[in-house]
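Inside the fold
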Amino acid sequence: MREIYLDNSATTKPLNEVVKAMMEYYEVKYGNPSSMHRMGVEAERGLKFARKEIAKFLKVEEKEIIFTSGGTESNNMAILGTVNHNTKKGNHIITTTIEHPSVLNVFKNLEKKGFEVSYLSVNHQGKINLEELQSLIRKDTILISIMMVNNEIGTIQPIKEIGKIIKEKNNECIFHVDGVQAFGKICCYPKNMNIDLFTMSGHKIHGPKGIGALYKRKDLQIDPIFLGGGQESTLRSGTENVPGIVGMGKAVEKLNQNFEEKIKFLRNLREKAKEKILREIENVSINGPTYLEETAPHILSISFENIKGEVLLHSLEQEGIYVSTGSACSSKEKGSHVLKNIGLSDKFIDGTLRISFSILNTEEEIDFLVEELKRYVKLLRKIIRR
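An account of the accompanying structure is given in this report. Just so we're clear, the structure is a prediction, and the values are computed from it rather than from any experiment.

Definitions and cut-offs
- Residues numbered from 1 in each chain as written.
- Predicted model: local features only at pLDDT ≥ 70, side-chain atom pairs only at ≥ 80, totals over all residues.
- Heavy atoms only, no water.
- Helix = DSSP H or I, 4+ residues; strand = E, 2+ residues; numbered from the N terminus.
- Rg over C-alpha atoms; globule rule 2.2 N^0.38 Å.
- Buried < 20%, exposed > 50% of the residue type's maximum accessible area, 1.4 Å probe, protein only.
- Contact = heavy atoms within 4.5 Å.
- Areas by Shrake-Rupley, 256 points an atom, 1.4 Å probe, with all protein chains shown as cover.
- Lys, Arg positive; Asp, Glu negative; His and termini not counted.
- Charge placed at Lys NZ, Arg CZ, Asp CG, Glu CD.
- Axes fitted to C-alpha atoms, helices over the stretch in contact; angles between N-to-C directions.
- Parallel < 35°, antiparallel > 145°, perpendicular 65-115°, else oblique.
- Left-handed = near helix turned anticlockwise from the far one by under 90°.
- Pairing = 2+ DSSP bridges.
- Right-handed = clockwise from strand over helix to strand, strands pointing away.
- Polar contact = N/O pair within 3.5 Å; in protein donor to acceptor, adjacent residues only side chain to side chain.
- Salt bridge = Lys/Arg side-chain N within 4 Å of Asp/Glu carboxyl O.
- Phe/Tyr/Trp six-rings, centres within 6.5 Å; stacked < 30°, edge-to-face > 60°.

**Notes on the overall build of the protein**
The helix and strand tally for the protein stands at twelve helices and twelve strands. By the compact-globule yardstick of 21 Å for 386 residues, the protein fits well, its C-alpha radius of gyration being 21 Å. Taking the principal axes of the C-alpha coordinates as reference, the protein spans close to 70 × 55 × 35 Å. Considering the protein as a whole, with its 386 residues, one finds that 59% of them fall into the buried category. Considering only intrachain contacts with a sequence separation of at least 6, the fraction spanning at least 24 residues in the protein is 73%. When the accessible surface of the protein is split by element, carbon and sulfur atoms take 49% of a total near 17300 Å². One way to put it: in the protein the 55 positive side-chain charges average out to a point 1 Å from where the 50 negative ones average out.

**Concerning the packing of helix H1 (residues 16-27) against helix H7 (residues 242-255)**
With their axes 8 Å apart at the nearest point, H1 and H7 run at an angle of 150° to one another. Judged by the angle between their axes, H1 and H7 are roughly antiparallel. Once H1 is placed against H7, the crossing between them reads as right-handed. Where H1 approaches H7, its residues Glu-17, Val-18, Ala-21, Met-22, Tyr-25 and Tyr-26 are matched on the opposing element by Val-242, Pro-243, Gly-244, Val-246, Gly-247, Lys-250, Ala-251 and Lys-254.

**Here we look at the pairing of strand S6 (residues 174-178)**
Of all five residues making up S6, five are buried, and the element is well covered by its neighbours. Here S6 shows no split at all, with Ile-174, His-176 and Asp-178 on one side and Phe-175 and Val-177 on the other all buried. Where strand S5 (residues 141-145) lies against S6, three bridges are found, and the strand directions are parallel. Within S6, the position partnered with Leu-143 by the bridge is Ile-174. For the crossover that starts at S5, traverses helix H6 (residues 159-169) and ends in the parallel S6, the hand is right-handed.

**Concerning the sheet that holds strand S7 (residues 197-201)**
Either a parallel or an antiparallel arrangement is found when strands of a sheet pair, and the pairing is made through backbone hydrogen bonds. Here seven strands make up an open sheet; going across it, the order is S2-S8-S7-S6-S5-S3-S4 and the pairing mixed. Two strands bound the open sheet, and with one partner strand each, they are strand S2 (65-68) and strand S4 (116-120). Direction aside, the axes of adjacent strands within the sheet are offset by 20° on average. Pairing of strand S3 (residues 92-96) with S5 involves three bridges; the strand directions are parallel. Each bridged residue has a counterpart across the sheet, and for His-92 the counterpart in S5 is Thr-141. Relative to the sheet, helix H2 (residues 38-58) contacts S2, S7 and strand S8 (212-216), its axis offset from that of S2 by approximately 120°.

**Quick look at unusual backbone geometry**
The backbone of Glu-232 sits at a positive phi, close to 50°, despite the residue not being glycine. Mapped onto the secondary structure, Glu-232 falls in the loop between S8 and H7. Positive phi values are uncommon outside glycine, yet Asn-306 reaches one of about 60°. If you trace the backbone, Asn-306 turns up in the loop between strand S10 (299-304) and helix H9 (309-317).

**A word on the side chain of His-176**
Mapped onto the elements, His-176 comes out in strand S6. At a separation of 3.2 Å, a polar atom in the side chain of His-176 contacts the side chain of Asn-75. The contacts of His-176, once residues within four sequence positions are left out, are Asn-75, Ala-78, Ile-79, Val-103, Leu-143, Ile-144, Ser-145, Ile-146, Leu-197, Phe-198 and Thr-199.

**Comments concerning the pattern of salt bridges**
Enumeration over the complete set of coordinates arrives at 29 salt bridges. Between Asp-196 and Lys-167 there is a salt bridge, with the nearest N and O atoms lying 2.8 Å from each other. Taken as a pair, Asp-196 in the loop between S6 and S7 and Lys-167 in helix H6 lie far apart in primary sequence, 29 residues in all. As far as burial versus exposure is concerned, Asp-196 and Lys-167 are alike and both buried.

**Brief notes about the packing of aromatic side chains**
All chains considered together, the criterion is met by two aromatic pairs. The interplanar angle of 85° and the centroid separation of 5.2 Å between the aromatic rings of Phe-57 and Phe-259 together place this pair among those described as edge-to-face. With Phe-57 in helix H2 and Phe-259 in helix H8 (residues 259-280), the pair connects residues that are 202 residues apart, well separated along the chain. Pair check on accessibility: Phe-57 and Phe-259 agree, each one buried.

**Let's talk about the sheet that holds strand S9 (residues 284-287)**
As summarised here, the arrangement of the three strands in space is S9-S10-S12, forming an open sheet in which the pairing is antiparallel. For this open sheet the edge positions go to S9 and strand S12 (352-356), each flanked by a neighbour on one side alone. The sheet shows a mean angle of 25° between the axes of neighbouring strands, taken without regard to direction. Note that S10 and S12 share five bridges and pair antiparallel. Bridging across to S12, Leu-300 finds its partner in Ile-355. The strands touched by H8 within the sheet are S9, S10 and S12, with S10 carrying the most contacts at an inclination of about 15°. Contacts from H9 reach S10 and S12 within the one sheet, and its direction differs from that of S12 by about 45°.

Spelled out as structure tokens, the structure:
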């Protein structure tokens with residue numbers, strides 16, 4: 001049976017080149033990068049290679065890249081590191097109602113500890129109101145955290161405009177961006193967007209799991225969230241995951257080759273799937289922005305009226321097609337908080353699928369996906385009417 005993997009927002013298949021590069025650091029160059037002998041120096045070269053590739057991709061300095069265990073740790077480091085360092089400056093922090101759990105749950109925890117949290121609302125397309133943001137920023141606002149691309153519906157927030165508003169209203173306020181779904185999918189240049197902290201993850205870009213990075217503006221001070229041997233500029237103690245870091249670096253190196261063509265390819269796949277589904281299946285709703293430039297090229301959130309998304313997911317799985325009903329990190333939630341906050345009705349929320357593409361997918365796979373979707377939607381609706 002063929003395998004069609006369309007859950008690339010949850011994770012991606014590592015490229016062969018990535019696996020090969022990692023194996024060298026498991027089998028041959030396995031030294032500790034803090035060691036002074038040749039084996040340690042070889043391992044350290046791997047760190048330098050990856051840091052250079054990521055910095056080049058983001059157009060930042062190499063020393064501004066801090067390696068972590070993944071997107072969740074990077075988000076926690078950015079948020080907790082900022083508030084812990086700036087508690088004397090203020091007690092007010094801002095985020096949105098549709099953030100990833102690794103941001104939203106940190107803010108909820110800080111709220112329990114006495115921080116004043118303002119949650120920005122979103123419209124039916126998942127975009128924040130810039131006037132609301134401007135009105136909420138105060139002198140005691142120490143941190144604002146807003147994701148660049150929503151992981152469930154693909155909405156791109158106007159990060160450059162947001163950064164400009166923040167710095168004009170309160171230049172000392174730190175701007176953190178969860179860029180996990182944006183990195184490698186759209187152009188992200190922190191220095192041109194007034195971004196102070198930017199989160200990345202390796203396994204979303206055909207790299208390995210268990211590795212991520214945080215861009216930290218070089219003159220910005222944050223506190224480490226745990227202490228130890230002082231690796232990664234004292235911000236992330238612990239022996240570095242050298243194979244994982246090298247794998248992420250290799251994934252970024254490959255990503256940087258013909259990047260614009262890769263993005264165009266992803267967008268064409270998404271648009272083909274969207275148009276074909278809308279044309280061939282009745283009573284469906286596309287979630288997220290209408291305009292192409294406002295939505296990520298790799299995420300398609302679509303809701304089928306009066307159908308259980310989970311049933312549809314497992315039906316497709318029988319045909320070797322793998323999609324999701326939403327975020328893998330919040331799959332145990334009772335209904336998506338993102339879909340609820342954009343005002344989607346319950347009859348559509350339960351029937352939502354997230355289809356997410358990668359450069360390894362093909363147009364032929366999209367044709368097969370739509371044919372099977374059409375068949376199973378028709379069958380399930382027929383069963384419901386009985």
